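Below, each chain spelled out in residue letters.
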Amino acid sequence: MNEVVAIPQKQKTNIKNENSIKWVAVLEISCVLLIVIFLFLPIFWIAITAFKPESEVYTASIFFQATLDNFRTVFGSAFNLGKYYTNSLIVVAVTLLITIPVSVLASYGLSRFHIPGKQLFMFAILATQFIPLIVNVIPFFTMFRDWGLLDTTLALIIVNLGHTIPYAIWLTKGFIDRIPIDMEEAAKIDGANRFQVLWHILLPLARPGIITATVFCFVITWNEFMFSLVITQQDAVTLPIALSFFVGEEGVLWNQMAAAGIIFVLPTVIFMLLVRKQFILGMTSGGVK
Amino acid sequence: MNQKLFKFGLIAPAFILIAATTFYPLMKSFWISLHDWDLKTSAEMGPFIGFDNYIRAFSDSQFWNSVKATLIFAASTVVLTLILSIFVAILLSKDKKYLSYLRAVLIIPFAMSPALIGYSWRFMLNPDYGLFDKIIGFLFPPLSDVVWLGTSTTAMAALISVVVWIWLPFMSLMFISGLMGMPSEVFEAAKMDGASSFKTLIHVTLPMLKPIILIASILMTMFTLKAFDPVVTMTRGGPGDSTEVLNFFIYKTGFRYFDMGYSSALGYILALITIVFVIIYMRKLVKGDDWN
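Residues numbered from 1 in each chain as written. Chains lettered and ligands numbered in written order. Predicted model: local features only at pLDDT ≥ 70, side-chain atom pairs only at ≥ 80, totals over all residues.

> How should the overall build of chain A be read in this particular structure?
Along the backbone of chain A there are 13 helices and 2 strands. In summary, chain A has a C-alpha radius of gyration of 25 Å against a globular reference of 19 Å for 289 residues, an excess of more than 25%. A principal-axis box enclosing the C-alpha atoms of chain A has dimensions of 70 × 65 × 35 Å. Looking at the 289 residues of chain A, the share that counts as buried comes to 42%. (Helix = DSSP H or I, 4+ residues; strand = E, 2+ residues; numbered from the N terminus. Rg over C-alpha atoms; globule rule 2.2 N^0.38 Å. Buried ≥ 20, exposed ≤ 12 C-beta atoms within 10 Å, placed from the backbone.)

> Please explain helix α10 (residues 197-225) of chain B as it appears in this structure.
Quick reminder: α-helices carry 3.6 residues per turn. Residues three or four places apart thus point the same way. Residues and elements named next belong to chain B. Its 29 residues place the ends of α10 only 35 Å apart at the C-alpha level, less than the 42 Å of an ideal helix rising 1.5 Å per residue. Lys-210 marks where α10 bends most, by close to 55 degrees; the proline Pro-211 follows one to four residues later. Within α10, burial applies to Thr-200, Thr-205, Leu-209, Ile-212, Ile-213, Ile-215, Ala-216, Ser-217, Met-220, Thr-221, Thr-224 and Leu-225. (Expected span 1.5 Å × (residues − 1). Bend = angle between axes of the 7 residues up to and from the residue.)

> How should I be thinking about the domain arrangement of chain A in this particular structure?
Residue and element names in this part refer to chain A. When cut into domains, chain A gives domain 1 (15-71) and domain 2 (76-286). Taking the mean C-alpha position of each, domain 1 and domain 2 sit 33 Å from one another. Every contact between the two is made by 9 residues of domain 1 and, on the other side, 7 residues of domain 2. Of all the elements in the fold, those that place two or more residues in the side of domain 1 that touches domain 2 are α1 (15-50) and α2 (69-75). The biggest single contributor to the side of domain 1 that touches domain 2 is α1, with 4 residues. Here the side of domain 1 that touches domain 2 is composed, by residue class, of 5 nonpolar, 2 polar and 2 charged. (Domains from an automatic or database assignment. Contact = placed C-beta atoms within 7 Å. Nonpolar A, V, L, I, M, F, W, Y, C, P; charged D, E, K, R; others polar.)

> I would appreciate a short explanation of the interface of chain B and chain A in the present structure.
By a widely used convention, the size of an interface equals the accessible area lost when the partners come together. Counting from both sides, the interface comprises 78 residues of chain B and, opposite them, 70 residues of chain A. Looking at which element gives the most residues to the side of chain B that touches chain A, the answer is helix α1 (residues 2-33) of chain B, with 15 residues. Here the side of chain B that touches chain A is built from residues that sort into 51 nonpolar, 19 polar and 8 charged.

> Mind showing me how you'd approach the packing of helix α6 (residues 153-177) of chain A against helix α9 (residues 207-222) of chain A here?
Think of two packed helices as two axes; the pair is described by the angle between the axes and how far apart they sit. All names here are of chain A. Two elements in contact, α6 and α9, have axes separated by 9 Å at closest approach and are oriented at 160 degrees. Comparing the axis directions of α6 and α9 gives the class roughly antiparallel. Here α6 runs over α9; the crossing is right-handed. From α6, Asn-160, His-163, Thr-164, Tyr-167, Ala-168, Leu-171, Thr-172, Gly-174, Phe-175 and Ile-176 reach across to α9, where they touch Pro-208, Gly-209, Ile-210, Thr-212, Ala-213, Phe-216, Cys-217, Ile-220 and Thr-221. Partitioned by chemical class, the residues of the contact of α6 with α9 number 11 nonpolar, 8 polar and no charged. (Axes fitted to C-alpha atoms, helices over the stretch in contact; angles between N-to-C directions. Parallel < 35°, antiparallel > 145°, perpendicular 65-115°, else oblique. Left-handed = near helix turned anticlockwise from the far one by under 90°.)

Listed below in structure tokens is the structure:
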């Protein structure tokens, strides 16, 4: 990237000028440092709090005897983090297993074939994004109550699908639109049937888009808070809501919440780092069109 | 014939699922919004009352309070995030090794759960042992006695800071990809002409970023108007009702007071507010001649 802080070239490099370059560099580095502190200090602090013994939690100390006790406690019978982790995993896994194949097929159909009402359909799913999700939850809440589905992972999966499928279609359709149709034609001429074209030609080419959509849906479902807050009570509670169990009568068990939190965010952070580049691309080009 | 079956076979599952999980509940809640329905007293929907729930909102002082909170919160968050993320992007988009490492990990805050961040902010703003509280008190001694989540202004500021923190990395990355895709000749030319760095920013960089700025404003506005998780985990609308943004007010009406009809109506009002903002941006977007 170019130096945005431009130094007029007509001026001759004299001592004064060199000095100002130095100052600009120092200023820049301090700004970068401030940004790093602002963005990463909170994460760093959560991370070290997770390893702090009870006695050190309420101090600002960085040097302490690290302990794994907090992790042991949160997975113990009192908090049962394992159960909530399983709930979250089930909800995310089933949601993704339905969302991704269904959305990829639909994107392919919408991208390659003439379908009456196609534009209207794409506009309608975009328009639903303006309506706050809580409007979605209200009728579901009353229906699940009637059907006895409140506090089940099935209920959470159903509500999550309404959130993830529209996103996944928009994200993958943008990618599939950009794949040239020639290769599919060529494969057809060579005698491949439609399913072979889909499996051997389209899927490998659309992989970056599919990965982006998967990670995006993974992150929003994993971190999904409102549905879980409304629909679950005890049995189907997922991780974001489980964090509130560390807020008790006598205050908050910060070290244990931090330990649970670190284990909670680990999967999304890792996945996000793996597909960072495609993700930004997908959000900027495929997301808004 | 076979072709027709194939193409409808492709989209049918998605269409059915979206119809069942999105279109249907949205229409159903619009229908609910036209009824009086107190879930505490009756499991069945009450009498049809037309648009009374919508009219009711206009004379509800709590509604106006939350509209005010929402607008203050959303406007400050969007403006702050955009300015800061352009600034961050300009700083981080230079061709230096250590910056490329930083760009690689910049997405991490965005992947973190907003609920966890909300709780953590509460922890770090605690007046007795919070890290942020200590740092602020050290840097600005007059502020050392402030109970951050205890007064309406500071609680709102804290809420804004959380949401800015959550979105800054993602928005910065959008601008970074925009800046790094720009032809470097333009900046060379500006330099040759003796433009100062500030002038280059105003006359070259920002106009070229305009399409991304518009997309970012639309996305940020949509996200902030719907903000929920950090409000619940950090301030719970308090102190009083000073940080009770609309989405939280809707939740409270629906799932604490179980006034389903009114809650649905409020949801649609929030949708309308969002659409008005997006239309304003879209018109700007269409007007902008550098947009294809």
